[in-house]
Amino acid sequence: MEITWRWFGPGDKVSLHMLRQLGVEGVVTALHRHSPGEVWPEAELRATKERIEAEGLRWSVVESLPVSEQIKYGGPDRDPLLDRYRQSLENLGRCGIRTVCYNFMPVIDWVRTDLERPMPDGSHALFFDYLRFAYFDIKLLAREGAEKDFLPEVVERVEALDRSMSGEEKAQLVDTIVTRTQGFINGPLGGSDAAPLERFRALLAPYKDVSKAQLRENLRYFLEAVMPVCREWDIRLCIHPDDPPTPVFGLPRIVCDAEDIRWLLGAVDDFHNGLTFCAGSLSAGKHNDVEAMARAFAGRTHFVHLRSCELLPGGDFVEAPHTAGRANLVELIRIFEREGRNIPMRVDHGRAILGDERAGYPPGYGFHGRMLALGQVQGMMAAVRDERNRQL
Ligand code: DNO
């Protein structure tokens, strides 16, 4: 696999210049300043590419070329938006960038309730607290019918929690789920971030009548529309799984398990319609056998995120150190190395360690924590390669 690193552009505190010393070969980035639906101009792509190459690196992967909400829910402007998406893909193709990650999660990309949960060893982890998630949905978002999505005992505990949550804790939960987790990736939710809950409700509204089957059809429509450009420019499109891999806020989610992925790959059965194998997202679902999925889908995997989750009682999960948790990264590396296509891989997230938590990095993207994780993964890769050499 090719060792890559996610770089958030010129404002990133971890500069391109620092990366080669870590053994990084390729960069994963996006034109973050453009909102979903805007065409990425070729000149800007070239300038970014040159900046990366000037540091002796290559631009390996786009993460992400965001898909507009109207494409996902099938709004009236979907066709012109698809034209623009195709244009961005073509511009990427002209610049020789061949791997493009995207996701098809309605409204909200990834969900966590704590961005800095203190761990016993002094580090801080990204954490999903099921009760607080239910609390947000039922009490803060006050979504119609939300109680029906939770077991009665969870709803009861939400009522009890309501009696003890302070105003500050509530505001923090909203800020975490709606603003901070999302904002640095695709920009603020749009409009004013001053009223995040109202904004969030407005974004959820168009999905009211969109079923799982309909969302799948909208994904198929998207894939059929963009595949000709991908074929022409040999662009490997790779969808990111849903994180966590379960429906949230009454929204359908369609990349949660092996059956979903089989459907997706079959919907347009073309090598260019592929998968980002995010071991972290997939391992957060107890229904997922992550190794079996890697074996089944390696041939259509174009990008790998290495990370691992530990499932806790009551529906909680924590992002584990990269050497622990449900995803056996050593075995995943064996599987993807066997593909022999030098698939780009980045470590996804890391614990906040050694001051990362005070340095203002985007949540999950601290420098020391990711550097440690990368070192661990490089060690695993070296061991796997040694194993293979001995077998030859
Ligand atoms: C979170 C990321 C995701 C990912 C998108 C890809 O840290 O893994 O936000 O970039 O889902 O489209």
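All of these numbers come straight from a predicted model, not from anything done at the bench.

### Structural notes on the packing of aromatic side chains
- All chains considered together, the criterion is met by 16 aromatic pairs.
- Seen in terms of ring centroids, F8 and Y365 are 5.0 Å apart; in terms of plane orientation they differ by 90°. Their pairing is edge-to-face. Of this pair, F8 sits in the loop between β1 (2-6) and β2 (26-29) while Y365 sits in the loop between β12 (344-347) and α13 (367-391); the two residues are 357 residues apart in sequence, bridging distant segments of the chain. Per residue, the accessibility class of F8 equals that of Y365, and both read buried.
- Aromatic ring contacts, followed pair by pair, group F128, Y130, F133, F136, F150, F200, F249 and F317 into a single cluster.
- Above the ring of Y221, the side-chain terminus of R78 is found at 3.7 Å from the ring centroid.
- Over the face of the ring belonging to F127 we find R117, whose NZ or CZ atom lies 3.7 Å from the ring centre.

### Some thoughts on the site of the ligand
- Surrounding the ligand, one finds 16 residues, the nearest of these being E63, S64, D109, H349 and Y365.
- Measuring from an oxygen atom of the ligand, one finds a side-chain N or O atom of E63 at 2.6 Å.
- Side-chain polar atom of S64 to an oxygen atom of the ligand: 2.5 Å apart, as the coordinates give it.
- Burial of the ligand by the protein amounts to 99% of the accessible area it has alone, namely 330 Å².
- Tallied by class, the residues present in the shell around the ligand amount to six nonpolar, five polar and five charged.

### Brief notes about the sheet that holds strand β8 (residues 273-278)
- Reading around the barrel, the eight strands line up as β1-β2-β3-β4-β7-β8-β9-β12 and close back on themselves, with parallel pairing between neighbours. Between one strand and the next, the sheet's axes are offset by a mean angle of 30°, whatever the strand orientation.
- Pairing of β8 with strand β9 (residues 301-306), which is carried by four bridges, proceeds in the parallel orientation. Note that in β9 the partner of L275 across the bridge is T301.
- Along the sheet, helix α1 (residues 42-53) makes contact with β2 and β3 (58-63), crossing β3 at roughly 130°.

### Examining the domain arrangement of the protein
- Entries for the protein in the domain assignment read domain 1 (2-110 + 212-310 + 324-391) and domain 2 (114-206).
- For domain 1 versus domain 2, the separation of C-alpha centres amounts to 25 Å.
- Counting from both sides, the interface comprises 24 residues of domain 1 and, opposite them, 26 residues of domain 2.
- Taken together, both faces of the contact between domain 1 and domain 2 bury some 2200 Å²; the carbon and sulfur share is 68%.
- Counting every contact that joins domain 1 to domain 2 gives zero salt bridges.
- Linking domain 1 with domain 2 are two residue pairs in polar contact (both at pLDDT 80 or more).
- Tallied by class, the residues present in the side of domain 1 that touches domain 2 amount to 16 nonpolar, four polar and four charged.

### Here's the deal with the nonpolar core
- In this structure, Y102, F136, F222 and F249 are the most contacted members of the largest nonpolar core, which totals 115 residues.
- Examining the composition of this core, we find that ten residues originate from one element, helix α8 (residues 212-233), more than from any other.
- Each of two domains, domain 1 (2-110 + 212-310 + 324-391) and domain 2 (114-206), supplies a minimum of three residues to this core.
- Contact partners of Y102, with chain neighbours within four places excluded, come to S64, L65, V67, Y85, L219, F222, L223, L237, C238, I239, H240 and L264.
- One finds V28, V61, C101 and C238 within the second-largest nonpolar core, a separate group that totals five residues.

### A closer look at the sheet that holds strand β6 (residues 124-128)
- Here four strands make up an open sheet; going across it, the order is β5-β6-β11-β10 and the pairing antiparallel. In the strand order of this sheet, the two ends are held by β5 (114-118) and β10 (309-311), each with one partner. Direction aside, neighbouring strands of the sheet carry axes that sit 35° apart on average.
- As paired elements, β10 and strand β11 (residues 317-319) share three bridges and run antiparallel to each other. What sits directly across from E310, in β11, is V318.

Thresholds applied
- Residues numbered from 1 in each chain as written.
- Predicted model: local features only at pLDDT ≥ 70, side-chain atom pairs only at ≥ 80, totals over all residues.
- Heavy atoms only, no water.
- Phe/Tyr/Trp six-rings, centres within 6.5 Å; stacked < 30°, edge-to-face > 60°.
- Helix = DSSP H or I, 4+ residues; strand = E, 2+ residues; numbered from the N terminus.
- Buried < 20%, exposed > 50% of the residue type's maximum accessible area, 1.4 Å probe, protein only.
- Lys NZ or Arg CZ within 6 Å of the ring centre and 35° of its normal.
- Near = heavy atom within 4 Å.
- Polar contact = N/O pair within 3.5 Å; in protein donor to acceptor, adjacent residues only side chain to side chain.
- Areas by Shrake-Rupley, 256 points an atom, 1.4 Å probe, with all protein chains shown as cover.
- Nonpolar A, V, L, I, M, F, W, Y, C, P; charged D, E, K, R; others polar.
- Pairing = 2+ DSSP bridges.
- Axes fitted to C-alpha atoms, helices over the stretch in contact; angles between N-to-C directions.
- Contact = heavy atoms within 4.5 Å.
- Domains from an automatic or database assignment.
- Buried area = accessible area lost by both parts, 1.4 Å probe.
- Salt bridge = Lys/Arg side-chain N within 4 Å of Asp/Glu carboxyl O.
- Core = buried A, V, L, I, M, F, W, Y, C linked by side-chain atoms within 4.5 Å.

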